[in-house]
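# Geometric and topological summary
Spelled out, the chains give:
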Amino acid sequence: MDRRRLVLAGSVLALLTLYAVAVPWLSGIDDRVTDFAAARQAPSLSHVFGTDSAGRDLFVRSAAAIRTSLLVAAACAVLATVIGSMVGVVAGVWGGWVDRVVMRSTDAVNALPHLLLGIVIVAMFRGSIVAIVLSIALTHWTQVARIVRSEILGLREQPYIDAAVLAGASRRHLVATHVLPAVLPQALIAVVLLLPHAIWHESTLSFLGFGLAPHEPSLGTLLSEARSSLLLGGWWTLVFPAGILVLATVAVAVLGSTLRQAVSPPKPSELRL
């Protein structure tokens, strides 16, 4: 495990979290209040990131946006991991025809275009955070299911599992005593690895107009609003939110991959998230 990468990624993520929590609270500025007299002001001492087309301070609004995006992404990652872990446990523990049916269903879901399916789900409940979370979680659980199933198939070959079965242990006992503790580290790493995907998907949905309402700050809505300002020379409306988006996703991705290497060294047969 590269400790320097882990420390650097963790520090960046901690600073972004501090920025997202502290700035909106300490500034005392309502990021939804418009001031068209101050619209499209370039970065300055009074407005570090400049202002958007409605005169709102981008430094404060970007902080609120990254907070929303991280919360939505965390909810998506946790829900997707729970669904994938449950599916993987059922397929790995029961085996046989149950395994075949479950994994063919997983293949079918995985074959669907994730973004298109997400748009269909969100379009029915436009502006709903619950719909956004469900649309991302329901399209990102498949790889978690494969990894959990792979771990369980390896676990079934262990002698102590055979001993427990011969002793009369039920499937419920095996799952609670042996299976869940074995797959929990992989599930926790899956949450971290899914965060960058969830952040980008939420941003993409909001950018396309299918995510949060325009007045609600998220990285996707800020990038969507930047399109009109960019044509008028307002480069800062795109550069700063996009920079935060890239910085957050790279930090989380590096953190997740480093932790995964620490928990279990990569295997040739292991699928990547």
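Just so it is clear, the structure is predicted and the values come from calculations on it, not from any experiment.

### A few points about the overall build of the protein chain
A count of helical and extended segments in the protein chain gives 10 helices and 0 strands. Reading the protein chain from its N terminus to its C terminus gives the helix and strand order α-α-α-α-α-α-α-α-α-α. Taken over the C-alpha atoms alone, the protein chain extends approximately 75 × 45 × 30 Å along its principal axes. Counting every position in the protein chain, which comprises 273 residues, the buried fraction comes to 45%. At a minimum sequence separation of 6, the contacts of the protein chain that also span at least 24 residues come to 72%. Just so you have it, the protein chain exposes about 13800 Å², and 69% of that area is on carbon and sulfur atoms. On the protein chain, the mean spot of the 20 positive side-chain charges and the mean spot of the 15 negative ones are 7 Å from each other.

### Quick word on unusual backbone geometry
Non-glycine residue Arg40 carries a positive phi angle of around 55 degrees. Relative to the helices and strands, Arg40 is located in the loop between α1 (3–27) and α2 (58–94).

### Details of the side chain of Ser224
Within the secondary structure layout, Ser224 lies in helix α9 (residues 219–231). On the basis of relative accessible area, Ser224 is assigned to the buried category, the value being 19%.

### Focus on the confidence of the model for the protein chain
On average, residues of the protein chain carry a pLDDT of 84, and 95% of them reach 70 or more. No element of the protein chain has a lower mean pLDDT than helix α7 (residues 159–166), which averages 77, and none a higher one than α2, which averages 91. A low-confidence stretch, residues 266–273 stays under pLDDT 50, and its non-local contacts, those more than four residues away or across chains, total 19 contacts.

### Remarks on the environment of Ser62
In this structure, Ser62 sits in helix α2. Given a relative accessible area of 0%, Ser62 falls into the buried group. In sequence terms Ser62 and Ala242 are 180 residues apart; their C-alpha atoms lie 9.8 Å from each other. The contacts of Ser62, once residues within four sequence positions are left out, are Tyr19, Phe49, Leu222, Pro241 and Ile244.

### Remarks on the pattern of salt bridges
Evaluated as defined, the whole model comprises 7 salt bridges. For Arg61, the salt bridge is made with Glu225, and the minimal N-O distance between the two is 3.3 Å. Within this pair, whereas Arg61 is found in helix α2, its partner Glu225 is found in helix α9, the two being separated by 164 residues in sequence. Note on Arg61: relative accessible area 0%, which makes it buried.

### Points about α9
Compared with the 18 Å implied by 1.5 Å per residue over 13 residues, the 19 Å span of α9 between its first and last C-alpha is a close match. At Glu225, α9 shows its strongest bend, of approximately 30 degrees. Of the residues one or two after α9, Gly233 is the one with positive phi, at around 95 degrees.

Rules and cut-offs
- Residues numbered from 1 in each chain as written.
- Predicted model: local features only at pLDDT ≥ 70, side-chain atom pairs only at ≥ 80, totals over all residues.
- Heavy atoms only, no water.
- Helix = DSSP H or I, 4+ residues; strand = E, 2+ residues; numbered from the N terminus.
- Buried < 20%, exposed > 50% of the residue type's maximum accessible area, 1.4 Å probe, protein only.
- Contact = heavy atoms within 4.5 Å.
- Areas by Shrake-Rupley, 256 points an atom, 1.4 Å probe, with all protein chains shown as cover.
- Lys, Arg positive; Asp, Glu negative; His and termini not counted.
- Charge placed at Lys NZ, Arg CZ, Asp CG, Glu CD.
- pLDDT = per-residue confidence, 0-100.
- Salt bridge = Lys/Arg side-chain N within 4 Å of Asp/Glu carboxyl O.
- Expected span 1.5 Å × (residues − 1).
- Bend = angle between axes of the 7 residues up to and from the residue.

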